[in-house]
Amino acid sequence: TPELFQYNLSSGQAFYYFGSVLINNIPAEYNDWVAAFKGDICVGARQWDTSLCGSGVCDLPVMSDDGSPETEGYMNPGDVPSFKIYDSSENEYFDAIPSQDYPWENFGFYNIDVLRTEENVTILISQDGSGDFSAIQEGIDAAYDGDIVRVAPGTYTGDNNIDLNLYGRAIT
C-alpha cells in the first residue's frame, strides 16, 4: 500500500464504483492505486486491478468516523470525499477529479463514470476506433464541464449517436 494511502477500517462504510480511472488520459494499470480523502486524511484505498473486479468496475471502500480514535476525522454523512491516484510506475501521486460528486452516507453505493487526473481535456470521437471513443454519447458521458468533445468527420448512426444528451454540462 502506498504510504499516503494508509487508513483504518471503520464500522461505517460506503462504496464508490468507477467505470474508468485515467492518469493523464491513460487507463490506470493493475498496480496503480485509488484512494479517497477527507481533507488530508485517507479514508479508503484500493489497488486498481480491474481483472479482479466485477465486469472490470472496481469499488473503493470509504470509511466513516465511527467514534473510535482510529477513525477520528473520517467521513460523516453529507461529506464529499476527494480522490487521489497513485501511479506506481512513476511513484507519483495525483489529485483526481470524479465525473460526479456524491456525498457520503453509511452503506451508500455510488457509480462514478470516470475518475481522472486532468481538467479541460479534448475527447476525440472517431468511428474507426482511433479516437478516445467511437460513439458520440460515450464521449459526452466522459466529458466534464470545460472539456472539448471533438467529432472526427464521418456519418455517425445507431445507438449513442442520435438523441444526444449533454446533461447540462458546459462542454464544447
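Before any of the text, the structure's been laid out above.
What follows deals with the environment of proline 98. Mapped onto the elements, proline 98 comes out in strand E7 (residues 92-98). Residue proline 98 is classed as buried on the basis of its relative accessible area, which comes to 14%. Along the chain, proline 98 and arginine 116 lie 18 residues apart, while their C-alpha atoms are 6.6 Å from each other.

Moving on: the side chain of aspartate 87. For aspartate 87, the location among the structural elements is in strand E6 (residues 82-87). We note that aspartate 87 is buried and unpaired, the nearest opposite charge coming from lysine 84 at a distance of 15 Å. Here the side chain of aspartate 87 touches serine 89 through a polar contact of 2.7 Å, side chain to side chain. Apart from residues no more than four positions distant in its own chain, aspartate 87 is found in contact with Ile23, Asp32, Glu92 and Phe94.

A separate point is the state of the cysteines. In this structure the tally under the stated criterion is 1 disulfide. With a sulfur-sulfur separation of 1.9 Å, cysteine 53 is cross-linked through a disulfide to cysteine 58. Measuring handedness by torsion sign, the sulfur bridge of cysteine 53 and cysteine 58 sits at about 90° and is right-handed. For cysteine 53, a relative accessible area of 17% puts it in the buried group.

Turning our attention to the nonpolar core. Counting residues in each nonpolar core, the largest one holds 25 residues, and the members touching the most others are Tyr16, Phe18, Val21, Val34, Val62, Phe83 and Leu115. Put simply, the parts of the chain that give this core at least two residues each are strand E1 (13-23), strand E3 (33-38), strand E5 (58-63), E6, E7 and strand E8 (109-116). Ranked by residues supplied to this core, first place goes to E1 with 5 residues. In this structure, valine 21 is in contact with Ile26, Pro27, Ala28, Val34, Trp48, Ile85 and Leu115, ignoring residues within four places of it in sequence. Counting residues in each nonpolar core, the second largest holds 14 residues, with Ile140, Ala152, Tyr156 and Ile171 among its members.

Note that E6 and E7 share 5 bridges and pair antiparallel. Bridge pairing in E7 links aspartate 87 to glutamate 92. Linking E6 back to E7 in an antiparallel pair, the connection comprises 4 residues, with asparagine 91 at a positive phi of about 50°. Across 2 bridges, the pairing between E7 and E8 is antiparallel. Looking at E8, one finds that isoleucine 97 is bridged to arginine 116.

Attention now goes to unusual backbone geometry. Even without being glycine, asparagine 91 reaches a positive phi, approximately 50°. Its location among the elements puts asparagine 91 in the loop between E6 and E7. Positive phi values are uncommon outside glycine, yet aspartate 163 reaches one of about 50°. Positionally, aspartate 163 belongs in the segment after strand E10 (148-151). On the basis of relative accessibility, which here comes to 75%, the residue aspartate 163 falls in the exposed class.

Turning to the pattern of salt bridges, a few remarks are in order. Two side chains of opposite charge can pair, provided their charged atoms sit close to one another. Scanning all chains against the criterion turns up 4 salt bridges. For aspartate 79, the salt bridge identified is with lysine 38, shortest N-O distance 2.9 Å. Taken together, the residues span a long stretch of sequence, with aspartate 79 in the loop between E5 and E6 and lysine 38 in strand E3 at a distance of 41 residues. Salt-bridge contacts for arginine 46 lead to aspartate 59; the nearest nitrogen and oxygen are separated by 3.0 Å. Residue arginine 46 is located in strand E4 (residues 41-47), and its partner aspartate 59 is located in strand E5; the two are separated by 13 residues in the primary sequence. For arginine 46, a relative accessible area of 29% puts it in the partly exposed group. The exposure class assigned to aspartate 59 is buried, which follows from its relative accessible area of 16%.

Cut-offs used in this document
- Residues numbered from 1 in each chain as written.
- Predicted model: local features only at pLDDT ≥ 70, side-chain atom pairs only at ≥ 80, totals over all residues.
- Heavy atoms only, no water.
- Helix = DSSP H or I, 4+ residues; strand = E, 2+ residues; numbered from the N terminus.
- Buried < 20%, exposed > 50% of the residue type's maximum accessible area, 1.4 Å probe, protein only.
- Lys, Arg positive; Asp, Glu negative; His and termini not counted.
- Salt bridge = Lys/Arg side-chain N within 4 Å of Asp/Glu carboxyl O.
- Polar contact = N/O pair within 3.5 Å; in protein donor to acceptor, adjacent residues only side chain to side chain.
- Contact = heavy atoms within 4.5 Å.
- Disulfide = S-S within 2.5 Å.
- Core = buried A, V, L, I, M, F, W, Y, C linked by side-chain atoms within 4.5 Å.
- Pairing = 2+ DSSP bridges.

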